[in-house]
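Given next are the chains, with one letter for each unit.
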Amino acid sequence: MFVLDTHGQPLDPCHPARARRLLASGRAVVHRHTPFVIRLRGRAVADSTIQGVEVGIDPGSKHTGIAVFTERDGIRTGTYSIQLDHRGGRIRDRLRARAALRRGRRSRNLRYRSPRFSNRTRPKGRLAPSLRHRVDTTMSWVGRLTRWAPVRAVHVERVAFDTHAMSAGTPLEGVEYQRGTLAGYEVREYLLAKWGRTCAYCGKQDAPLNIDHIHPRSRGGSDRIDNLTLACVPCNQAKNAIPILEFLKAKPALLAKILGRTKAPLRDAAAVNATRWALWRALSATTLPVTTSSGGRTKWNRTRTGAPKSHTLDALHVGAMEAVTGWPSRVLVVKATGRGTYCRTRTDKYGFPRLRLPRIKTVRGFQTGDLVRANVPAGKKAGVHTGRVAVRSTGTFNITTRHGTVQGIGHRHVHLLQRADGYGYTLRSEAWPRAAFPPPPEGVGIHAGEI
């Protein structure tokens, strides 16, 4: 749990059990509901010894992993994990729809509006809105963590996929580019993400997977990324140098699926490469020391510790480290939902208006998206309902909980927990195999925290 002093300055995070004892004894109050932050009473930073924490970031196209951990002599212990779900795809789709509407207006017989071309210049280094969103939301959460915890350093994965090396299959900086302990990890990591960590031929999971050439090299196949797939050891040996058309002659559906999947574009890899430098520059502009590492180094660290694959665990293994002694058992999934829309008209599937929304967004002191708790004493909806609220002008609200949506809750039973901040929050479990960890050094304990 994040802890603040009486003046709102960050202290070292504490265990949830200790936070509960502080709240029960009246020595602390709730500062924020999600993520949970407490504020101590009558205790300042000057009265405390602060060790500090570090933050690891694993940027991705759709999800970004953020891990808060403590490090001592290269031994890391995770204290908090966040999976940030971006909405770049929704932004892209809405911009395309807006562009289509504008193109349609140009060809219609509407009133004349003089063309405007002087305001169409773009600054150097501009990112598309869907890409800029990934950088802004990540920086927003780094800023929040620095307000809730004494962050000493930030580790970010700056190189995830090398699209040039994947497409061309040739080295960029000589033979040293391919050699060393991390050789082959960039392409392998991309193939694992593209093919879902399963065998392309039999669908087997949780088994050793080899990189297989769809069109064998002995028959003129290349090392391009669209000619590579994943295969388990039996399938790889059975296929050998047989062309895929002959190998899957009896399975035409599977053959069509594999051939169609090989032509998938490198859209996600391109999005990561387009934003990695912007994210690094934004982090470097802060007062925190920033260190960078490659995706191959992260994969190598994770294989040494035996940790499973996830965005938050990748963030925990970014950069130079020796071992990991534990990580949180649950992950806070933060989904970017936005703060609403300017459009005040709902349309049907044909584009005709069917509903007009009020101009005022606040109803009875609540806004759509606020985190609330409703305590209904009697009736069919009796009970305690906690979740995000959708306000109505009539004063009866809908509350979306993790179990579903409860409709028609009177505003008198609703109590505000936290104002809408453009994000939705859920929890998920994180795998934690104790046997995977190496023996910790003397004085370092192994534990799993909770949020």
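Up top is the structure.
Residues numbered from 1 in each chain as written. Predicted model: local features only at pLDDT ≥ 70, side-chain atom pairs only at ≥ 80, totals over all residues. Heavy atoms only, no water.

1. Looking at the nonpolar core
Of all hydrophobic cores here, the largest spans 32 residues; its most connected members are W141, L145 and L283. When contributions to this core are tallied by element, the ones reaching two or more residues are β1 (2-4), β5 (53-58), β6 (63-72), β7 (75-85), α3 (129-148), β8 (151-159), α9 (267-284) and β13 (330-336). For this core, the element with the highest residue contribution is α3, accounting for 7 residues. In this view, L145 contacts F2, V55, I66, V68, I82 and V151; residues no more than four positions away in its chain are not counted. (Core = buried A, V, L, I, M, F, W, Y, C linked by side-chain atoms within 4.5 Å. Buried < 20%, exposed > 50% of the residue type's maximum accessible area, 1.4 Å probe, protein only. Helix = DSSP H or I, 4+ residues; strand = E, 2+ residues; numbered from the N terminus. Contact = heavy atoms within 4.5 Å.)

2. Describing helix α10 (residues 295-305)
Along an α-helix, a turn takes 3.6 residues, which lines up residues three or four apart on a common side. Inspection of α10 places G295, G296, T298, K299, N301, R302 and T305 among the buried residues, and these make up the whole buried set. Trailing α10 by a residue or two, G306 shows a phi angle of about 75°, which is positive.

3. Details of the packing of aromatic side chains
Applying the stated criterion across every chain, the model contains 8 aromatic pairs. The interplanar angle of 75° and the centroid separation of 6.2 Å between the aromatic rings of W141 and W148 together place this pair among those described as edge-to-face. Judged by relative accessible area, which is 0%, W141 ranks as buried. By relative accessible area, W148 is classed as buried at 6%. By way of ring pairs, the aromatic residues F2, Y80, W141, W148, Y423 and Y425 are connected into one cluster. For R144, the ring lying beneath its charged end belongs to W141, and the centroid distance is 4.6 Å. (Phe/Tyr/Trp six-rings, centres within 6.5 Å; stacked < 30°, edge-to-face > 60°. Lys NZ or Arg CZ within 6 Å of the ring centre and 35° of its normal.)

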